[in-house]
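These are the residues of each chain, in order.
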Amino acid sequence: MLKRDQRLRKTKEIEAVFASGRSAYLGAIGIKVAKNSLTVPRFTVLVNKKVSKKAVIRNKIKRQLRSIIEKELPLLKEGKDVVIIVFPLILEKNF
């Protein structure tokens, strides 16, 4: 689980990333990145109901993506805010 200081939790923080961040879309996921004034990177994962109507599936996808983030976290040194957007194509992918 990501530590509290490594998570984007407030709506204003997420909206700021959407307003000023750079984006890349890779089919099943999209990533928005913006600089922050902190020394640690912060993340959030957004899974819409268009991906699945079932909360169990949406939460499973979030847990899987967060575990990938945790494994790759030591590679990130700079303070960035990252929003990961999940699209329905993710259901066709394997963990």
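The sections below set out a description of the structure shown in this document. (Residues numbered from 1 in each chain as written. Predicted model: local features only at pLDDT ≥ 70, side-chain atom pairs only at ≥ 80, totals over all residues. Heavy atoms only, no water.)

### Overview of the sheet that holds strand β1 (residues 22-25)
On the basis of which strands lie adjacent, the open sheet formed by four strands has the order β1-β2-β4-β3 and mixed pairing. Bordering the open sheet on either side are β1 and β3 (42-47), each of which pairs with just one other strand. Each strand axis lies, on average, 15° off the axis of its neighbour in the sheet, ignoring direction. Seen against the sheet, helix α2 (residues 55-72) touches β3 and β4 (80-86) and runs at an angle of roughly 155° to β3. (Pairing = 2+ DSSP bridges. Helix = DSSP H or I, 4+ residues; strand = E, 2+ residues; numbered from the N terminus. Axes fitted to C-alpha atoms, helices over the stretch in contact; angles between N-to-C directions. Contact = heavy atoms within 4.5 Å.)

### A look at the side chain of R42
Looking at the secondary structure, you find R42 in strand β3. Judged by its relative accessible area of 12%, R42 is buried. When residues no more than four places from it in sequence are discounted, the contact partners of R42 are D5, Q6, R7, L8, E13, N36, K80, D81 and V82. (Buried < 20%, exposed > 50% of the residue type's maximum accessible area, 1.4 Å probe, protein only.)

### Observations regarding the environment of V47
With respect to the element layout, V47 can be found in strand β3. Taking the relative accessible area as the measure of exposure, V47 reaches 12% and is therefore buried. Along the primary structure V47 and I29 are separated by 18 residues, whereas in three dimensions their C-alpha atoms are 9.7 Å apart. What V47 contacts, discounting residues up to four positions off in sequence, is R58, I61, K62 and V86.

### A closer look at a nonpolar patch on the surface
On the surface, V56, I57 and L91 cluster together to form a nonpolar patch covering roughly 270 Å² of accessible area. Within the secondary structure layout, L91 lies in the segment after β4. (Patch = residues over 30% accessible without salt bridge, like charges linked within 9 Å, V, L, I, M, F, W, Y side chains within 5 Å. Areas by Shrake-Rupley, 256 points an atom, 1.4 Å probe, with all protein chains shown as cover. Salt bridge = Lys/Arg side-chain N within 4 Å of Asp/Glu carboxyl O.)

### Digging into the nonpolar core
Counting 14 residues, the largest nonpolar core has V45, I61 and V86 as the members making the most contacts within it. Of all the secondary-structure elements, those providing two or more residues to this core are β3, α2 and β4. Discounting chain neighbours no more than four positions away, the residues touching V86 are A28, V45, L46, V47, V51, I61 and L65. (Core = buried A, V, L, I, M, F, W, Y, C linked by side-chain atoms within 4.5 Å.)

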